[in-house]
Amino acid sequence: MHDPEDDLYWVQAPVENGGVIWVDFRHNLYKLAKINTQEEKSFIDFEIVYIWTDYRLKGYTAPALPLKLWGPRPQLENGLDDMVEVQTQFLFLDRANGRLKRSIRYTGSVDTPMPLKDFPFDTISVMAHFDSTSTFISWDWTEKGQSKVPTYKLRRVREEGEGISLAMRWPGNVTEWQLHGIEVEVIEKPPNAQGEIHISCDLLFHLSRKASYYFWKALMPLYLLTILSLSTFYFEVDNLSDRISTVSTFFLAAFAMLYVVGESLPKTDFLTSIDKVIVITTILLMMLGVFAVALFEESKKDFDRAREMNDIILYVVTAGYVLFNLFYFLPSYLNRRASIKKIEAKGQAVAQKGIEFGFEKPEDTWPFYKKLEDLL
């Protein structure tokens, strides 16, 4: 048995004859929450368990592992300032064969870019993005480094008794969002200009936004105000004072309501679908005042013609408003459905390739994908 205090020996990767180590890994998923549309970040709590064989430790009899013992540690690239990384385990799984297990838990926020073009019918993938150039850190978390030449490769767990690839430790509920499935993908990239070979390992949560929240809180009050404002067309065309008074009241009510719900809407440098509807609704309320004045002036010349024009404007405005909403919301809704179907199709395609929720399949088959109902 080699001296446990020989730090230079133990901090080296346990590769033999220039080969690579297969590091099996799995995920324990504890929570996904607080998906913040405004700040484009998500709170995530999960653990990665790495399992590998260190030939130097076969038959190791010392009571404790060497402090500088090598262990894999891909780097989380999109964690934010509040992300906490804690090693929870580093121990023997099989002392006789030198089989080791390291668990690292990540708790905090990850950067979550959000394509809000179809808001509130958008879909996102919350990602924990790991990158490795055979990066490692010692058992005592003091010595770390990397290698241009790969010393280890990643694959999902495959040995019986070493766990399952994705273990759900929470029911999959995410406020404001519907979780459809979870994907793990490992990609080995070609050497860069410095000759380094990067291996990325991504954990992705595929979700769609529950648009009903924004419908009931923002759109429904706006629609009700619009419907009530159309009641001005039932005043006589020469009753300008009541028409203007009514329209002004609804216009101010709309602005007050938008001020209240504005905090719930994302801040963007472009107009989302819901922004466009809010803008056109505001313009419509203003135009009702313009129509009231125009009809009043026409009633002085031809009262009957003014009443006919009043009815025509009512029908045109109502139909136009409905069509405008369909024009902006229907494509976004269809895009959402298409995205969800694409996610589901990915799961079906993976199943057809023979990837199952277990450990008996080839290590080079990616991505690994499971629908939420298959994880619970």
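The structure contained in this document is the topic of the report that follows. Since the structure is predicted, the reported quantities are computational estimates derived from the model, not experimental observations.

## Overview of the pattern of salt bridges
Okay, step 1: Counted by the stated rule, this structure contains 15 salt bridges.
Okay, step 2: Between arginine 307 and glutamate 236 there is a salt bridge, with the nearest N and O atoms lying 4.0 Å from each other. Of this pair, arginine 307 sits in helix α5 (residues 303-352) while glutamate 236 sits in the loop between α2 (212-229) and α3 (240-261), and the two are 71 residues apart along the sequence.
Okay, step 3: A relative accessible area of 42% places arginine 307 in the partly exposed class.
Okay, step 4: The closest approach of N and O atoms between glutamate 298 and arginine 305, which form a salt bridge, is 3.5 Å.

## Thoughts on a negative patch on the surface
Okay, step 1: A surface patch of like charges, here negative, comprises Asp3, Glu5, Asp7 and Glu143.
Okay, step 2: Under the relative-accessibility criterion, glutamate 143 is labelled partly exposed at 38%.

## Some thoughts on the packing of aromatic side chains
Okay, step 1: All told, the structure shown has 20 aromatic pairs when counted by the stated rule.
Okay, step 2: Geometrically, the ring pair formed by tryptophan 52 and tryptophan 70 is edge-to-face, given 6.0 Å between the ring centres and 85° between the ring planes. With tryptophan 52 in strand β2 (residues 41-53) and tryptophan 70 in the loop between β2 and β3 (75-76), this residue pair connects regions lying 18 residues apart in the sequence. Here tryptophan 52 and tryptophan 70 have matching classes, each one buried.
Okay, step 3: Three or more aromatic residues link up through ring pairs in this structure, and these residues are Tyr9, Trp10, Tyr60 and Phe92.
Okay, step 4: If you follow lysine 34 out to its NZ or CZ, it ends over the ring of phenylalanine 43, 5.7 Å from the centre.
Okay, step 5: The ring centre of tyrosine 30 lies 3.8 Å from the NZ or CZ of arginine 105, which sits over that ring.

About the thresholds
Residues numbered from 1 in each chain as written. Predicted model: local features only at pLDDT ≥ 70, side-chain atom pairs only at ≥ 80, totals over all residues. Heavy atoms only, no water. Salt bridge = Lys/Arg side-chain N within 4 Å of Asp/Glu carboxyl O. Helix = DSSP H or I, 4+ residues; strand = E, 2+ residues; numbered from the N terminus. Buried < 20%, exposed > 50% of the residue type's maximum accessible area, 1.4 Å probe, protein only. Patch = residues over 30% accessible without salt bridge, like charges linked within 9 Å, V, L, I, M, F, W, Y side chains within 5 Å. Areas by Shrake-Rupley, 256 points an atom, 1.4 Å probe, with all protein chains shown as cover. Lys, Arg positive; Asp, Glu negative; His and termini not counted. Charge placed at Lys NZ, Arg CZ, Asp CG, Glu CD. Phe/Tyr/Trp six-rings, centres within 6.5 Å; stacked < 30°, edge-to-face > 60°. Lys NZ or Arg CZ within 6 Å of the ring centre and 35° of its normal.

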